[in-house]
Amino acid sequence: MTTTKQLPDAETLYQQLLAQIKARVANDDHLAIVGIYSGGAWLAERLTSDLGLQIKPGFIDVSFYRDDYAEKGLHAEVKPTQIPFDVNGASIILVDDVLYTGRTTRAAINELFDYGRPAKIMLAALLDRGGRELPIAADFVAHTAEFEPSSSVNLRRADSGQLSFSIDHA
């Protein structure tokens, strides 16, 4: 299992993720990016800029779409979902910072379909930590590592925009 001392460099991983995406979708005229709050939203903003996309990124808060909503209740920092483009026919890259059980991804996909029917949805994650509970896999992933199930791996963004990982133990 990975420990705090072995956390990968988030900035290096971002560059790897960007390179993977550039190689596969460079000529897609219908490409749009949607980030899952909060880490995925930060990544979506940077990807949109670094890919030179004209369409602003979308942002999703899956709080109301989670299958554990009744157990956990409403998160204190719910943010509004913003999709500034027509989802119908778009090739969407759904971006999350850390892919774990797949439940957040499922919730985000369900919410996207409330806005229309995309041509396709691809998943990008900075870090895949395994532990899947649903059959979901990323199309683009910068790094895969296992962590203790009781730990929480979080992407942080400094005021300068610099990304880093932290780990919280339950």
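Structure first, text after, so check above.
All residue numbers refer to positions counted from 1 along the written sequence of the respective chain. Only residues with pLDDT of 70 or above have their local features reported here, since the model is predicted, and side-chain atom pairs are shown and tallied only from 80 upward, although totals for entire chains, interfaces and linings are computed over all residues. For side-chain calculations, the full set of non-hydrogen atoms in the structure is used, while hydrogens and water are omitted.

K.L.:
Just checking my understanding: could you explain the side chain of Asp-61 for this structure?
P.N.:
The helix count covers DSSP runs of H or I at least four residues long, the strand count covers runs of E at least two residues long, and both are numbered beginning at the N terminus. Position of Asp-61 relative to the elements: it lies in the loop between strand 2 (58-60) and helix 3 (69-72). Exposed residues in this analysis have more than 50% of their type's maximum accessible area, buried residues have under 20%, and partly exposed residues fall in between, with area computed by a 1.4 Å probe over protein chains only. Note on charges: Lys and Arg go in the positive column, Asp and Glu in the negative column, and His and the chain ends are not counted at all. Counted as salt bridges are all cases of a side-chain nitrogen of Lys or Arg within 4 Å of a carboxyl oxygen of Asp or Glu. Here Asp-61 is buried and forms no salt bridge, its nearest opposite-charge partner Lys-79 lying at an N-O distance of 7.1 Å. A polar side-chain atom of Asp-61 sits 2.7 Å from the main-chain amide nitrogen of Lys-79. Whenever a nitrogen or oxygen atom comes within 3.5 Å of another N or O atom, the pair is scored as a polar contact, on the condition that within protein one atom can donate a hydrogen and the other can accept it, and that pairs from neighbouring residues in sequence are kept only if both atoms are in side chains.

K.L.:
Sorry, what's going on with the sheet that holds strand 1 (residues 31-36) here?
P.N.:
Note: strands within a sheet are paired through backbone hydrogen bonds, in either parallel or antiparallel orientation. In short, DSSP must find at least two bridges between two strands for them to pair. Pairing is parallel in the open sheet, where 5 strands are placed in the order 2-1-3-4-5. Every other strand in the sheet has two partners, leaving strand 2 and strand 5 (140-144) as the edge strands with one partner each. This sheet shows a mean twist of 25 degrees between the axes of neighbouring strands, independent of strand direction. Sheet topology places strand 1 next to strand 2; 3 bridges connect them, and they run parallel. Note on geometry: axes are lines fitted to C-alpha atoms, helical ones only across the stretch in contact, with angles between N-to-C directions running from 0 to 180 degrees.

K.L.:
When you look at the packing of aromatic side chains in this model, what are you seeing that I'm missing?
P.N.:
Two aromatic rings are characterised by how far apart their centres lie and by the angle between their planes. Note on ring pairs: Phe, Tyr and Trp rings are taken, using the six-membered ring of Trp, and paired if centres are within 6.5 Å. Classes follow the plane angle, with under 30 degrees stacked, over 60 edge-to-face and the rest tilted. Summed over the entire model, instances satisfying the criterion amount to 1 aromatic pair. Note on geometry: a ring has a charge over it if NZ (lysine) or CZ (arginine) is within 6 Å of the ring centre and within 35 degrees of the ring normal. The ring of Tyr-14 carries the charged tip of Arg-46 above its face, separated from the ring centre by 4.2 Å. Here the guanidinium or amino end of Arg-129 rests over the ring plane of Tyr-100, the centre of that ring lying 3.9 Å away.

K.L.:
How should I be thinking about the environment of Ser-91 in this particular structure?
P.N.:
Tracing the sequence through the fold places Ser-91 in strand 3 (residues 91-99). Residues Ser-91 and His-30, spaced 61 residues apart in sequence, show a C-alpha to C-alpha distance of 5.6 Å. The criterion used for residue contact is that any of the two residues' heavy atoms lie within 4.5 Å. Among all residues touching Ser-91, those that are not within four sequence positions of it are Asp-28, His-30, Leu-31, Ala-32, Lys-120 and Met-122.

K.L.:
I keep staring at the pairing of strand 6 (residues 151-157) and nothing clicks. Help me out?
P.N.:
Each regular strand displays side chains that alternate between the two surfaces of the sheet. Bridge analysis of strand 6 against strand 7 (residues 163-169) gives 7 bridges, and the strand direction is antiparallel. Its bridge partner lying in strand 7, Val-153 is registered against Ile-167. Here strand 6 folds back onto strand 7 in antiparallel fashion, the turn holding 5 residues, of which Gly-161 has a positive phi close to 95 degrees.

K.L.:
Where do I start with the pattern of salt bridges in this structure?
P.N.:
Side chains that carry opposite charge are capable of pairing whenever their charged atoms lie near each other. For the structure on display, the rule yields 5 salt bridges. Between Arg-157 and Glu-45 there is a salt bridge, and its shortest N-O distance comes to 3.2 Å. On the criterion of sequence distance, the pair formed by Arg-157 in strand 6 and Glu-45 in helix 2 (residues 39-50) is long-range, its members being 112 residues apart. Exposure remark for Arg-157: the relative accessible area of 40% places this residue in the partly exposed category. In this structure Glu-45 comes out as partly exposed when scored by relative accessible area, which is 38%. For Glu-133, the salt bridge identified is with Arg-103, shortest N-O distance 2.6 Å. In this pair, Glu-133 sits in the loop between strand 4 (120-128) and strand 5 while Arg-103 sits in helix 4 (residues 103-114), placing the two residues 30 residues apart along the sequence.

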